[in-house]
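One letter stands for each residue in the lines below.
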Amino acid sequence: MNTTDLRFASNKVCDIERLFHKELDDIYGEGETRMMVRMLWEAWMGWSHTEQLLRRGETINQSELLRMHWALEDLKRGRPIQYIIGWTEFCGCHIGVDETTLIPRPETEEIVEKTIMMYGEQEQKDGNRIAPKRVLDLCTGSGCIAIALAKAWPTTYIIGVDISTGALKKARENAEKNEVRVKYMEGNILDDEFCEKLHKQASPYPFDIIISNPPYICKKERIEMRKNVLDYEPATALFVDDNNALCFYQKIAKIGEKTLSETGVIVVEINEHLGNDTMRVFENSGFEGKL
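Residues numbered from 1 in each chain as written. Predicted model: local features only at pLDDT ≥ 70, side-chain atom pairs only at ≥ 80, totals over all residues. Heavy atoms only, no water.

Can you walk me through the pairing of strand S1 (residues 87–90) in this structure?
In the case of a regular strand, side chains alternate between the two sheet surfaces. For S1 and strand S2 (residues 93–96), the ladder comprises 4 bridges, and the chain directions are antiparallel. If you follow Glu 89 over to S2, its bridge partner there is His 94. Linking two consecutive strands that pair antiparallel, namely S1 and S2, is a turn of 2 residues; a positive phi of about 50 degrees is found at Cys 91 within it. (Pairing = 2+ DSSP bridges. Helix = DSSP H or I, 4+ residues; strand = E, 2+ residues; numbered from the N terminus.)

Looking at this model, I keep getting lost on the pattern of salt bridges. Mind explaining?
Two side chains that carry opposite charge are able to pair once their charged atoms sit near each other. Counting across every chain of the model gives 21 salt bridges. The closest approach of N and O atoms between Glu 58 and Arg 55, which form a salt bridge, is 3.1 Å. Where Glu 73 meets Lys 76, a salt bridge forms, and the shortest distance between an N and an O atom there is 3.8 Å. Of this pair, Glu 73 and Lys 76 are both found in helix H5 (residues 62–77), 3 residues apart, which corresponds to roughly one turn of the helix. Owing to a relative accessible area of 16%, Glu 73 belongs among the buried residues under this scheme. Overall, the relative accessible area of 33% leaves Lys 76 in the partly exposed class. (Salt bridge = Lys/Arg side-chain N within 4 Å of Asp/Glu carboxyl O. Buried < 20%, exposed > 50% of the residue type's maximum accessible area, 1.4 Å probe, protein only.)

When you look at the confidence of the model for the protein in this model, what are you seeing that I'm missing?
Close reading of the predicted structure is inappropriate where its pLDDT is low. Of all residues in the protein, 93% have pLDDT values of 70 or greater, and the mean over the chain is 91. Confidence, read as mean pLDDT per element, is least for helix H1 (residues 3–6) in the protein (48) and greatest for helix H9 (residues 165–177) (98). (pLDDT = per-residue confidence, 0-100.)

In structure tokens:
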């Protein structure tokens, strides 16, 4: 296959970037297209942004050109750039992702940062950060939350739970690559029998934190979502039935009643349209709600 077959004017970096903009700017916008091209160069060629600018007149070999061609075709179909390169950055951690896992979002980074701040503002006399002893991450997916917390709190015992075998495989790989210790459990937190296993994990040592980014998007909201999310990210990690939109929060609250320490907290990502309703779920279980 030659460069004509690939529709690139040449195998020069500048010509490759020019075709990406021609094909993708109308879909993603010029700024996002530029960002995705930078991510590809960095992931596959190891080039920093400065190196990319300096190498615009250089050429790449045929196999590298073919790889860029298929990336362009994937992006035209709406496949997320994170799935194409196979990873994303989350709270300073390198998190591998594929179609079995959600792509971590900035909002999820925010709840991790706020959780760490609850403990991180205090220090012990020896200068070490005060850390919780035990943390439970429900609906862990790629493991990004558990791994980021394990990086911040190396001595904390952290359990990550998910229903997806594929997601847990990726989570375990991510924990190993980031050199942190996280215990992973496969199970459905909506299932009472599995929740009994979690109760046993908390006895006699309850959790200090339960944290979760559960499925919370109502199916009726699908029409508001981008095609690349709907076509590629796992629906089971995104959607809940319209008539039972708070089912995961109700179960998380019940788990918290039985497994949290007296001073324990629950931190969850929520549907912005259901904030007050979600807060009432936890208040009804005896927790003090805060949005």
